[in-house]
Amino acid sequence: MTTDDLLARHRAVLPAWMPLYYQEPIEIVSGAGCRVTDARGRTYLDFFGGVLTTMIGYDIPEIREAVERQLRTGVVHTSTLYLIRQQVELAEKIARLSGIPDPRVFFTNSGTEANEAALLVATNHRRSHQILAVRNSYHGRSYAAMGITGHRSWSASALNPLQVSWLHSGDRLRGLLSRLDPEQHVEAAVDDLREVLATQTSGDVAALIAEPIQGVGGFVHAPDGLLGAWKKVLDETGILLISDEVQTGWGRTGEHFWGYQAHDVVPDLLTFAKGIGNGFALAGVVGRAEVLNEVHATSFSTYGGNPVSTAAGNAVIDYLLDHDLQANAARVGAILGDGLRTAVADRGIVGEVRGKGLMLAVEFVQPGSREPNTAATVAVFEECRRGGLLVGKGGLYGNVLRMGPPLTLTEDEAREGLAVLVDAITKVDGA
Ligand code: PMP
């Protein structure tokens, strides 16, 4: 079957609202390290890692062996109602790394479910269904997770099981707080929180959920310290803080292991997914025992924390720590980030180069203004692919290029991808 045949069959059987990247969609058939090969035989350097999912690269022997060892037992999965050794071991590791005091860990299969679990726990704990969320956020595909997603294009249902109030985001290019310097921004965002609490809620809100760096939103990040400043207000009435670390966790930002650590705060709950499974369906929530234990019903997940996913998760986390990939994200991310800033920040179509570690973005604007330039973004995106580089798109207006390569990216690979990016941006800017 050719890729074209596959595309026709995909379009005929999958829902029309499922997006596919590229004018000529690609089918990835193999991968090694930071490279993947498509069914047409073309190899790409992968700066998106399946939306920041392939955290330590493709075809990693340690992961393959861990998963094969489990498969050889004959048990893919029975039930999480039985003890699972690697689930407990992984939970211990994540608990230790979480920074949350007296932590408990609950495993799910996706980031969406992790956020659902966090919402379940928070609303139970506080006996309130009021949630504060941030504009331009993305938290998943379920009814409740869509309800706290501040992107109309990703939030299909106007109905919402929660009462949600929206806080201004950290966007420094557009939005109400964008023209303020970082200190003023934090002050204004705290005022915004107080005003929203006083005018749009009854006060007994369950939680505030935020991504330390907004992933789908285009790697927008508020000034460091904002979550901590918000938490001080939340603590006055016991409102919980949920840090959605689905994209920012595991050292990706280089400077910290979790995104929240840039904010001088410890959240009450944190959710994780994507990279921890390096492709296997593995996600979850960590919270203080006092909060996480207090769900007023029995709850478990058929597949959450299954032996195969958690075997992979243990191998991923061991690899990540043994190879100090956080330090690599800082070092190699600086080459890529500084290289982009030097080479393209002054281009007319470039509004901002931003991000931390190996979570980097370029936002495209109409020359001479802050108006989003989606056409230029698409053109650069397609040009990168022609140059053998996979990147992502994002942002409220689809005008942000996102780079989230495996944390194993080498300096040479960073330079190689940088050259493709700079060529593509220069070409589109000059067109
Ligand atoms: N939270 C964030 C910050 C995400 O980026 C995503 C996925 N893009 C999710 C939650 C949802 O995760 P999943 O797709 O695994 O359900």
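The structure we're discussing is the one just above.
What you are looking at is a predicted structure, and each value in this text was computed from that prediction instead of being measured. (Residues numbered from 1 in each chain as written. Predicted model: local features only at pLDDT ≥ 70, side-chain atom pairs only at ≥ 80, totals over all residues.)

Caption draft 1: Local environment of the overall build of the chain. A tally of helices and strands in the chain yields 13 helices and 15 strands. In terms of C-alpha radius of gyration, the chain reaches 21 Å, essentially the compact-globule figure of 22 Å for 431 residues. (Helix = DSSP H or I, 4+ residues; strand = E, 2+ residues; numbered from the N terminus. Rg over C-alpha atoms; globule rule 2.2 N^0.38 Å.)

Caption draft 2: Just the site of the ligand, in detail. Taken together, 17 residues form the shell around the ligand, and within it Ser110, Gly111, Thr112, Gly140 and Val246 come nearest. Of all the elements, helix α5 (residues 111–126) adds the most residues to the shell around the ligand, at 3 residues. In terms of residue class, the shell around the ligand is made up of 6 nonpolar, 8 polar and 3 charged. (Near = placed C-beta within 6 Å. Nonpolar A, V, L, I, M, F, W, Y, C, P; charged D, E, K, R; others polar.)

Caption draft 3: The arrangement of the nonpolar core in detail. Counting 116 residues, the largest nonpolar core has Ala207, Leu269 and Val316 as its most contacted members. The biggest single contributor to this core is helix α10 (residues 307–322), with 8 residues. Looking at this core, you find at least three residues from each of domain 1 (6–32 + 43–59 + 324–430) and domain 2 (63–323). For Val316, the residues in contact, after removing those within four places along its chain, are Met55, Ile56, Ile63, Ile276, Gly277 and Asn278. (Core = buried A, V, L, I, M, F, W, Y, C linked by C-beta atoms within 7 Å. Buried ≥ 20, exposed ≤ 12 C-beta atoms within 10 Å, placed from the backbone. Domains from an automatic or database assignment. Contact = placed C-beta atoms within 7 Å.)

Caption draft 4: Quick look at the environment of Ile349. Among the secondary structure elements, Ile349 is positioned in the loop between α11 (325–344) and β11 (350–356). The class for Ile349 is buried, based on 23 C-beta atoms found within 10 Å. Once the C-alpha coordinates of Ile349 and Leu193 are considered, the two residues, 156 residues apart in sequence, prove to be 33 Å apart. Sequence-distant contacts of Ile349, that is, excluding residues within four places in its chain, are made with Phe364, Val365, Pro367, Asn373, Ala376, Val428 and Asp429.

Caption draft 5: Inspection of the sheet that holds strand β2 (residues 35–38) at higher detail. Reading across from one edge, β1-β2-β3-β13 is the order of the 4 strands in this open sheet, with mixed pairing throughout. Edge positions in the sheet fall to β1 (28–32) and β13 (389–390), since each has one partner strand and no second. (Pairing = 2+ DSSP bridges.)

Caption draft 6: Layout of the sheet that holds strand β9 (residues 269–272). An order of β4-β10-β9-β8-β7-β5-β6 is seen for the 7 strands of this open sheet, with the pairing classed as mixed. Edge strands, defined here as strands with exactly one partner in the open sheet, are β4 (103–108) and β6 (163–167). The mean inter-strand angle of the sheet, taken between neighbouring strand axes irrespective of direction, is 20°. Packing against the sheet, helix α4 (residues 85–98) makes contact with β4, β9 and β10 (283–288), and its axis sits at approximately 125° to β4. Packed on one face of the sheet, helix α8 (residues 226–235) meets β7 (207–210) and β8 (240–244) and runs near 155° to β8. (Axes fitted to C-alpha atoms, helices over the stretch in contact; angles between N-to-C directions.)

Caption draft 7: How the structure looks around the packing of α11 against helix α13 (residues 411–430). One way to put it is that α11 packs onto α13 with a least axis distance of 9 Å and a crossing angle of 20°. Comparing the axis directions of α11 and α13 gives the class roughly parallel. Pair α11 / α13 crosses with right-handed handedness. Contact with α11, carried on its side by Val332, Ile335, Leu336, Gly339, Leu340, Ala343 and Val344, involves Glu411, Ala414, Arg415, Leu418, Leu421, Val422 and Ile425 of α13 and no other residues of that element. (Parallel < 35°, antiparallel > 145°, perpendicular 65-115°, else oblique. Left-handed = near helix turned anticlockwise from the far one by under 90°.)

Caption draft 8: Quick peek at α8. Restricting attention to buried positions, one finds in α8 the residues Leu226, Leu227, Trp230, Lys231 and Leu234. Projected onto a plane normal to the axis of α8, the buried residues spread over an arc of 130° and lie on a single side. Exposed residues pointing more than 90 degrees away from the buried face of α8 are listed as Lys232 and Asp235. Packed against the buried residues of α8 are α7 (182–200), β7 and β8. (Arc of directions from axis to C-beta.)

Caption draft 9: Structural detail: α5. Between the first and last C-alpha of α5 there are 22 Å, a value that for 16 residues agrees with the 22 Å anticipated at 1.5 Å per step. Backbone geometry just after α5 places Arg127 at a positive phi near 50°. (Expected span 1.5 Å × (residues − 1).)

Caption draft 10: Up close: the pairing of β8. Of all 5 residues in β8, 5 are buried, a share of seventy percent or more. Bridge analysis of β7 against β8 gives 4 bridges, and the strand direction is parallel. Within β8, the residue paired with Ala207 across the bridge is Leu240. What joins β7 to β8 is α8, and the crossover it makes is right-handed. Two strands pair when backbone bridges link them, and β8 and β9 are joined in this way by 3 bridges, in the parallel orientation. In the sheet register, Asp244 faces β9, and the bridge partner there is Thr271. (Right-handed = clockwise from strand over helix to strand, strands pointing away.)

Caption draft 11: Layout of the packing of helix α12 (residues 374–386) against α13. Two elements in contact, α12 and α13, have axes separated by 9 Å at closest approach and are oriented at 135°. For the element pair α12 / α13, the angle class is oblique. Pair α12 / α13 crosses with right-handed handedness. Together, Ala376, Ala379, Val380, Glu383 and Cys384 of α12 and Val420, Leu421, Ala424, Ile425, Lys427 and Val428 of α13 make up the contact between the two elements. Of the residues in the contact of α12 with α13, the class split is 9 nonpolar, no polar and 2 charged.

Caption draft 12: Summary view of unusual backbone geometry. Phi angles above zero are rare outside glycine, and Leu52 is one such case at about 60°. One can find Leu52 in helix α2 (residues 49–52). Residue Leu52 is classed as buried on the basis of its 26 C-beta neighbours within 10 Å. Positioned with a positive phi, Asp264 is a non-glycine residue whose angle comes to about 50°. You can see Asp264 is positioned in the loop between β8 and β9.

Purely spatial values, then, with no claim about function.
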